[in-house]
Every structure is written in C-alpha cells, then in structure tokens.
Amino acid sequence: LVNQYTKPKHLGLFIHDNLIFGSVDKDSSIRILNYIHNIDPNSYQYIATVNSDDFSYAELNKQFAFNAKEKVRIELTKDKPLFYKSFNAKKVEME
C-alpha cells in the first residue's frame, strides 16, 4: 500500500470504491482484503465499498481471514439510502 518513500507523505487513509474490485476476480479481491486485514490497524484506515451481489457474507465468510460482517460499518440499500435520501438519476437530453 505504501513503501518507505511514500509512507512519510501519506495520510494513512485508503479508499477503494466497488469499481476497483469490479474488474478483479473474487479470489483476488478476497486475497487483497485478507492482506490488508493483517496490516497493523493502527497505521492506517481502510474503507472499501462493495456490492453485496459480488460479496455474499454467507458464501464468502469462510474464505476471509476475519469476520467480514463485523467490519461493516454501514449497509446501504434502496430502502436504506445514504443520508436517508434517494437520488434518482435523470437522463439529460443534449441539444
């Protein structure tokens, strides 16, 4: 994640949107998350957004080196959106 040259300049915050895992196979994504889990948690903060269609807790929990469900801080759904507001994208016609 960081090396001896970048660590002094890094804030220690890593964020991966679901899109970063979108083009990576499930096994590689799990290996990445297991690797990150084994790094000293006091040295960084890691935030990942994943789609539950890709990561089913019941299906994948035995492949994680940790209890993934315990690490979830917020679960957003259509019925439970961020900021309690639904943002519907509208198609804009260009002239």
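Anyway, here's the lowdown on the structure attached to this text. As the structure is a prediction and not an experimental result, all values here were calculated from the model.

### Details of the pairing of strand E1 (residues 13–16)
Burial along E1 is one-sided: the residues Phe14 and His16 are buried and none of Leu13 and Ile15 is. Note that E1 and strand E2 (residues 45–48) share 4 bridges and pair parallel. Residue pairing in the sheet places Leu13 in a bridge with Gln45 of E2.

### Structural notes on the packing of aromatic side chains
Two measures describe an aromatic ring pair: the distance that separates the ring centres and the angle between the ring planes. On inspection of all chains with the given rule, the structure shows 2 aromatic pairs. Each ring, one from Phe14 and one from Tyr44, has its centre 6.4 Å from the other, and the planes form 65 degrees; the classification is edge-to-face. Of this pair, Phe14 sits in strand E1 while Tyr44 is found in the loop between helix H2 (26–37) and E2, placing the two residues 30 residues apart along the sequence. Overall, Phe14 belongs to the buried group, its relative accessible area being 13%. On the basis of relative accessibility, which here comes to 15%, the residue Tyr44 falls in the buried class. Between Phe64 and Phe66, the ring centres sit 5.3 Å apart and the planes meet at 45 degrees, which makes this aromatic pair tilted. A relative accessible area of 11% means that Phe64 is categorised as buried. Under the relative-accessibility criterion, Phe66 is labelled buried at 15%.

Rules used in this analysis
Residues numbered from 1 in each chain as written. Predicted model: local features only at pLDDT ≥ 70, side-chain atom pairs only at ≥ 80, totals over all residues. Heavy atoms only, no water. Buried < 20%, exposed > 50% of the residue type's maximum accessible area, 1.4 Å probe, protein only. Helix = DSSP H or I, 4+ residues; strand = E, 2+ residues; numbered from the N terminus. Pairing = 2+ DSSP bridges. Phe/Tyr/Trp six-rings, centres within 6.5 Å; stacked < 30°, edge-to-face > 60°.

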